[in-house]
Amino acid sequence: LWIIDMLAVRLARLNGGRSRSGAVLVGSLILALPSAGNVLAYQRTHTLPDTRTVTLDWIRKNIRPRSAIASGPFMIRIPEDVYFTLAIPFNAGASEENFVFYNAAWYEDLDLVVTSDYDYRRYKADPARFREILPFYDTLKTSWRGVFAISPAENQAGYTFWLYAPPRKETNEAFDST
């Protein structure tokens, strides 16, 4: 507040000693406007559609009911009364201990796998620690079909999501003849 008072005194001197309260008001506005702009910008993000909501809307419109979907803990509330869901295990403190679940072969019989940059970026930043998990993402990107992707933008809050469908199997591969 001392800075506002100092500005008010200086502005009042420039104004011939008149209207110190007006100078205080002007000084306060000069200091408050940048902060108010940041607060408004932050508050605006709460009114934007989140990428999780858009992803769930896409799933509802494009994936048949009773399909099987695997997903990490991304707070995408896939309705379990409509879809069969399989949670890909996650341990925030020791993700590398769950490496066995990060094998694309486990999910080939499902209809969709939901992944996010939230985890992938963390794994990619420490490749030595997550060396057994990263091939999962590489396989999805190179061998599976990317069916939907969304990223945050100026008018879109949230994380990046990538949705993959398993590679198409030939009919003779899909059924065991023995």
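Scroll up to find the structure.
First things first, this report covers the structure right here in the doc. Not measured: the values here are computed from a predicted model. (Residues numbered from 1 in each chain as written. Predicted model: local features only at pLDDT ≥ 70, side-chain atom pairs only at ≥ 80, totals over all residues. Heavy atoms only, no water.)

## Thoughts on helix α4 (residues 117-125)
- For α4, every residue scored as buried is listed here: D117, D119, Y120 and Y123. Buried residues in α4, looked at end-on, bunch into an arc of 160°, giving them a common side. (Buried < 20%, exposed > 50% of the residue type's maximum accessible area, 1.4 Å probe, protein only. Helix = DSSP H or I, 4+ residues; strand = E, 2+ residues; numbered from the N terminus. Arc of directions from axis to C-beta.)

## So, empty space enclosed by the protein
- Under the defined criterion, the tally for this structure stands at one cavity of 30 Å³ or more.
- If you add up the space inside the largest cavity, you get close to 50 Å³.
- Only β3 (112-116) and α5 (134-143) provide two or more residues apiece to the lining of the largest cavity.
- Residue classes in the lining of the largest cavity are distributed as six nonpolar, two polar and one charged. (1 Å grid on protein atoms, 1.4 Å probe; cavity = no way out; pocket = protein on both sides within 12 Å on 5 of 7 lines; lining within 4 Å. Points joined across faces, edges and corners; volume = space filled by probe spheres on them. Nonpolar A, V, L, I, M, F, W, Y, C, P; charged D, E, K, R; others polar.)

## Considerations on helix α3 (residues 51-62)
- Its twelve residues place the ends of α3 16 Å apart at the C-alpha level, agreeing with the 16 Å of an ideal helix rising 1.5 Å per residue.
- Within α3 the residues assigned to the buried category are T51, T55, L56, W58 and I59. Seen from one end, α3 has its buried residues packed into an arc of 155°, which puts them on one side.
- Buried residues along α3 sit in contact with β1 (68-71), β3, β4 (145-150) and β5 (161-165).
- The N-cap residue of α3 is D50: its side-chain oxygen and the backbone nitrogen of R52 are 2.7 Å apart. (Expected span 1.5 Å × (residues − 1). Contact = heavy atoms within 4.5 Å. Polar contact = N/O pair within 3.5 Å; in protein donor to acceptor, adjacent residues only side chain to side chain.)

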